[in-house]
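What follows is the residue order along each chain.
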Amino acid sequence: MRAYDVIKKKRDGFELSFEELNFIVKGAVSGEIKDYQISAFLMAVYFNGMTERETLDFTLAIANSGEKFIAKGITGVKADKHSTGGVGDKTSLIISPVLASLGVFAIKMSGRGLGHTGGTVDKLESIKGYKVELSTDEFLKIAKKCGVSIIGQTGDLAPADKIFYSLRDVTATIDSIPLIASSIMGKKLTADDDVIVLDVKTGNGAFMKDLSSAEDLAKVMVNIGKGAGKKITALITDMNEPLGNYVGNALEIKEVLDVLAGKVKNDLYDVSKMLTAEILYLSGYGDREFCKALFDKEIENGKALCKFKEFVAYQGGDLTEILSGNYCASKSFDVLASESGFLIELNAEKVGISSLLLGAGRNKKEDKIDYLAGIILHKKVGDKVEKGEKLATLYSSNESLFSSAIKEFLQAVKILGDKLQIKSKIIKTIE
Ligand code: URA
């Protein structure tokens, strides 16, 4: 078999067999198929899609491209939440310690930033000393001791996804249902989870811009998970404005600490609560209302915050700098309201791109991240604003990055005279 022929077949709109898909996955991992051919294959899938059977086969090939993680010696429920990607989306870092403090094991393999969206692994790496690359033995040891462990895509678990993911990030092939579904579920099927809750984002800052494609993506992933014997639900959530008030890496860790400390009860708190409650419900902790109250309790009694600090320390992380206020770059720019009224739009994609332009994300695979770059949003959609009031503060360690980031940010904002009806961020549940 030749990669050329498989790429050509997909380019011309034909259905690929399991053998052909597996050939691409194996060739990517062994290095026999080079980045330029993998990129061409991904673009062919982007344009021509995959049938349900191809998506399932591709997912299984990715899941089988490396080792499987067996949670040996863990007897409790193992659960995971995975998002399709958004801006300011740091819910994993809130949900995981809450679950662990309630006795559910949150053992997670997360991704890096993709396109204009942030990634949990990059956020964790902004904590001094935090190790995202652990062997599966070390990963298991930490999970057993404290109930949470979060790592990046290691060489041994779903290595094919690591390769596809970083190429998709820089070849405009992210927003494809079969590529997202196989990336997420390929990783999920290497793990030993009993319960999976998917956060499928929709809106301008999501890869699925409209509700109907978000629903399609959710259904494909839920079906793959059910087929593999998992208890799985997808919540479709709104990503038309960033989640929470902080966008960046260290900045987002700071907001996680504030939410876990009970100091902030914003949309980030609400979405984290709904996703946690869904996991607890599927794990048999009670009905959804009761599970929501459990979330509130773990925040109020301080246990979730303690659990977060404990897990970060187990992974070598030192939160001292962030806790002492060193979570944003020294150079900053305040964006002021040009008129009075109500903030009716804060386009999540544009805010995400602005943050990336400040240095918080990558343009090329090899780019280094400025962990202290990002944005604090002082106003969110629905808020009243006065002319000259601060809408946001942009941070970067590199002064020369401000002008394009400011330009992008200004395009994200719309102020009008009339107040907007604020809708719930939870749009739908796909069971
Ligand atoms: N998260 C993933 O793991 N993969 C994607 O393709 C998108 C979001």
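Refer to the structure printed above.
In this report, we go over the structure that sits alongside the text. The structure presented is a predicted model; accordingly, all values stated were derived computationally and were not measured.

### Quick look at the overall build of the chain
Okay, step 1: What the chain contains, in helices and strands, is 17 helices and 13 strands.
Okay, step 2: Its C-alpha atoms give the chain a radius of gyration of 21 Å, within 12% of the compact-globule value 22 Å for 431 residues.
Okay, step 3: Here the chain holds 431 residues, and 60% of them are scored as buried.
Okay, step 4: Taking the intrachain contacts of the chain between residues at least 6 apart in sequence as the baseline, contacts between residues at least 24 apart amount to 79%.
Okay, step 5: By element, 52% of the accessible surface of the chain is carried by carbon and sulfur atoms, the whole surface being about 17,000 Å².
Okay, step 6: Taking the 58 positively charged and 59 negatively charged side chains of the chain as two groups, their mean positions are separated by 2 Å.

### Here we look at the pattern of salt bridges
Okay, step 1: For the structure on display, the rule yields 36 salt bridges.
Okay, step 2: Across the pair Glu15 and Arg53 runs a salt bridge, and its minimum N-O distance is 3.1 Å. In this pair, Glu15 is assigned in the loop between helix H1 (3-11) and helix H2 (18-30) and Arg53 in helix H4 (residues 52-63), connecting sequence segments 38 residues apart.
Okay, step 3: Classification of Glu15 by relative accessible area gives partly exposed; the value is 40%.
Okay, step 4: What makes Arg53 partly exposed here is its relative accessible area of 35%.
Okay, step 5: Here the residues in one salt-bridge network are Arg112, Asp122, Glu125 and Arg362, joined through shared partners.

### Focus: the environment of Val312
Okay, step 1: Within the secondary structure, Val312 sits in helix H14 (residues 303-314).
Okay, step 2: Sequence separation between Val312 and Glu345 is 33 residues; the distance between their C-alpha atoms is 35 Å.
Okay, step 3: Setting aside its immediate chain neighbours within four residues, Val312 contacts Ile127, Tyr130, Gly317, Asp318 and Leu319.

### Description of the packing of helix H5 (residues 92-101) against H14
Packed helix pairs are characterised by how far apart their axes lie and by the angle those axes make with each other.
Okay, step 1: Two elements in contact, H5 and H14, have axes separated by 8 Å at closest approach and are oriented at 105°. As the angle between them shows, H5 and H14 are arranged roughly perpendicular. In this structure, H5 uses Leu93, Pro97, Val98, Ala100 and Ser101 to contact H14, whose residues at the interface are Lys303, Ala304, Lys307 and Phe308.
Okay, step 2: In terms of residue class, the contact of H5 with H14 is made up of 6 nonpolar, 1 polar and 2 charged.

### Some words on the state of the cysteines
Okay, step 1: According to the stated counting rule, one finds 0 disulfides in the structure shown.
Okay, step 2: The thiol sulfur of Cys146 is not disulfide-bonded, and the nearest other cysteine sulfur, from Cys306, lies at 12 Å.
Okay, step 3: Residue classification places Cys146 among the buried positions, given a relative accessible area of 2%.

### A few points about H2
Okay, step 1: Look at H2: 18 Å from first C-alpha to last across 13 residues, which is about the 18 Å you get at 1.5 Å a residue.
Okay, step 2: Looking only at H2, the buried set comprises Glu20, Leu21, Asn22, Ile24, Val25, Gly27 and Ala28.
Okay, step 3: For H2, the secondary structure elements touched by its buried residues are H1, helix H3 (35-48), H4 and helix H8 (159-170).
Okay, step 4: Gly31 sits one or two positions beyond H2 and adopts a positive phi of about 90°.

### A short note on the site of the ligand
Okay, step 1: Neighbouring the ligand are the residues His82, Ser83, Thr84, Leu114, Tyr165, Arg168, Ile180, Ser183, Ile184 and Lys187.
Okay, step 2: Note that a nitrogen atom of the ligand is positioned 2.6 Å from one of the side-chain N or O atoms of Ser183.
Okay, step 3: In this structure, an oxygen atom belonging to the ligand sits 2.6 Å away from a side-chain N or O atom of Lys187.
Okay, step 4: Contact with the protein chains covers 96% of the free accessible surface of the ligand, which is 240 Å².

### Structural notes on the sheet that holds strand S6 (residues 246-248)
Okay, step 1: Taken in spatial order, the 4 strands line up as S6-S9-S11-S7 in an open sheet, and their pairing is antiparallel. On the outer flanks of this sheet lie S6 and strand S7 (331-336), each paired with one strand and no other. Between one strand and the next, the sheet's axes are offset by a mean angle of 15°, whatever the strand orientation.
Okay, step 2: Strand direction decides the pairing type here: S7 and strand S11 (residues 390-396), joined by 6 bridges, are antiparallel. When the bridges of S11 are listed, Val335 appears paired with Ala392.
Okay, step 3: On top of the sheet, helix H16 (residues 348-360) reaches S6, strand S9 (374-377) and S11; it is set at about 135° to S9, its chief contact.
Okay, step 4: Across the sheet, helix H17 (residues 402-412) is in contact with S7, S9 and S11; its angle to S11 comes to roughly 150°.

### Focus: unusual backbone geometry
Okay, step 1: The backbone of Ala158 sits at a positive phi, close to 45°, despite the residue not being glycine.
Okay, step 2: Backbone geometry at Ala172 places phi at a positive 55°, although glycine is not the residue there.
Okay, step 3: With respect to the element layout, Ala172 can be found in the loop between H8 and helix H9 (177-188).
Okay, step 4: Its relative accessible area of 57% is what places Ala172 among the exposed residues.

### Let's talk about the packing of H5 against helix H12 (residues 267-282)
Okay, step 1: For the pair H5 and H12, the least separation of the axes is 9 Å and the interaxial angle reads 45°. By the angle between their directions, the pair H5 and H12 is classed as oblique. In this structure, H5 meets H12 at a crossing whose hand is right-handed. On H12, the residues touching Ile94, Ile95, Val98 and Leu99 of H5 are Leu268, Ser272, Leu275, Thr276, Ile279 and Leu280.
Okay, step 2: In the contact of H5 with H12, the residues fall into 8 nonpolar, 2 polar and no charged.

### Observations concerning the sheet that holds strand S8 (residues 341-346)
Okay, step 1: Ordered by their spatial adjacency, 3 strands build an open sheet running S10-S8-S12, and the pairing between neighbours is antiparallel. Both edges of this open sheet fall to strand S10 (384-385) and strand S12 (413-416), since each of them pairs with a single strand only.
Okay, step 2: Sheet analysis places S8 next to S10, joined by 2 bridges and oriented antiparallel. Residue Gly341 lies in a different strand from S10, and its bridge partner there is Val385.
Okay, step 3: The strands touched by H17 within the sheet are S8 and S12, with S12 carrying the most contacts at an inclination of about 40°.

Basis of the calculations
Residues numbered from 1 in each chain as written. Predicted model: local features only at pLDDT ≥ 70, side-chain atom pairs only at ≥ 80, totals over all residues. Heavy atoms only, no water. Helix = DSSP H or I, 4+ residues; strand = E, 2+ residues; numbered from the N terminus. Rg over C-alpha atoms; globule rule 2.2 N^0.38 Å. Buried < 20%, exposed > 50% of the residue type's maximum accessible area, 1.4 Å probe, protein only. Contact = heavy atoms within 4.5 Å. Areas by Shrake-Rupley, 256 points an atom, 1.4 Å probe, with all protein chains shown as cover. Lys, Arg positive; Asp, Glu negative; His and termini not counted. Charge placed at Lys NZ, Arg CZ, Asp CG, Glu CD. Salt bridge = Lys/Arg side-chain N within 4 Å of Asp/Glu carboxyl O. Axes fitted to C-alpha atoms, helices over the stretch in contact; angles between N-to-C directions. Parallel < 35°, antiparallel > 145°, perpendicular 65-115°, else oblique. Nonpolar A, V, L, I, M, F, W, Y, C, P; charged D, E, K, R; others polar. Disulfide = S-S within 2.5 Å. Expected span 1.5 Å × (residues − 1). Near = heavy atom within 4 Å. Polar contact = N/O pair within 3.5 Å; in protein donor to acceptor, adjacent residues only side chain to side chain. Pairing = 2+ DSSP bridges. Left-handed = near helix turned anticlockwise from the far one by under 90°.

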